[in-house]
Amino acid sequence: MAIEDHDIDRLREIFVTRQECQKTTDVFDSKLNKDLVRLAVIETKLSQITWILSTVAAGVVTMLIKMFFGG
């Protein structure tokens, strides 16, 4: 029982070839890389905003302490 051309054609209809799988994987990888870059930018901006907010909050707390305990 030898494998014939119509057997190979039928298998190609059912299964995904290595090249098709690689193309699909490459597309997903490129999309994920774009998202990872965007997430890195968001995390950086969030840390900057948090730092600025902490600085402002420290100033407000200092001002309130000074107002309540003399000044």
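Analysis parameters
- Residues numbered from 1 in each chain as written.
- Predicted model: local features only at pLDDT ≥ 70, side-chain atom pairs only at ≥ 80, totals over all residues.
- Heavy atoms only, no water.
- Helix = DSSP H or I, 4+ residues; strand = E, 2+ residues; numbered from the N terminus.
- Rg over C-alpha atoms; globule rule 2.2 N^0.38 Å.
- Buried < 20%, exposed > 50% of the residue type's maximum accessible area, 1.4 Å probe, protein only.
- Areas by Shrake-Rupley, 256 points an atom, 1.4 Å probe, with all protein chains shown as cover.
- Lys, Arg positive; Asp, Glu negative; His and termini not counted.
- Charge placed at Lys NZ, Arg CZ, Asp CG, Glu CD.
- Patch = residues over 30% accessible without salt bridge, like charges linked within 9 Å, V, L, I, M, F, W, Y side chains within 5 Å.
- Salt bridge = Lys/Arg side-chain N within 4 Å of Asp/Glu carboxyl O.
- Expected span 1.5 Å × (residues − 1).

Asks: Kindly report on the overall build of the protein, identifying the contributing residues and their values.
Replies: Tallying secondary structure elements over the protein gives two helices and zero strands in all. Relative to a compact globule of 71 residues, whose C-alpha radius of gyration would be 11 Å, the protein shows 30 Å and is clearly more extended. Taken along the three principal axes of its C-alpha coordinates, the protein extends 100 × 15 × 10 Å. Classification of the 71 residues of the protein by burial places 0% in the buried group. For the protein, the accessible area works out to roughly 7,100 Å², and carbon and sulfur atoms hold 66% of it. Across the protein, 9 positive and 10 negative side-chain charges occur, with their mean positions spaced 18 Å apart.

Asks: Explain a negative patch on the surface to me, using residue names and the numbers behind them.
Replies: Among the surface-exposed residues, Glu4, Asp5, Asp7 and Asp9 lie close enough to one another that they form a single negatively charged patch. Mapped onto the fold, Glu4 is located in the segment before helix 1 (5–14).

Asks: Help me get a handle on the environment of Phe69, residues and values and all.
Replies: Within the secondary structure, Phe69 is located in the segment after helix 2 (18–68). The exposed category is assigned to Phe69, whose relative accessible area is 72%. Residues Phe69 and Ile8, 61 residues apart in the sequence, show an inter-C-alpha distance of 87 Å.

Asks: Residues and numbers for the pattern of salt bridges, please.
Replies: Inspection of every chain in the model, using the stated rule, returns one salt bridge. Put simply, Glu13 and Arg10 hold a salt bridge, and the shortest N to O gap is 3.1 Å. Of this pair, Glu13 and Arg10 both sit in helix 1, three residues apart, which is roughly one turn of the helix. On the accessibility criterion, Arg10 (49% relative accessible area) is partly exposed.

Asks: Go over helix 2, please, and point to the residues and values.
Replies: Here helix 2 contains 51 residues, and its C-alpha end-to-end distance of 73 Å stays within 8% of the 75 Å for a straight helix at 1.5 Å per residue. Phi for Gly70, located one or two positions after helix 2, is positive at around 110°.

Asks: I'd like a description of the environment of Asp5, backed by residues and values.
Replies: Of note, Asp5 is situated in helix 1. Residues Asp5 and Phe69 lie 64 residues apart in sequence; the distance between their C-alpha atoms is 92 Å.

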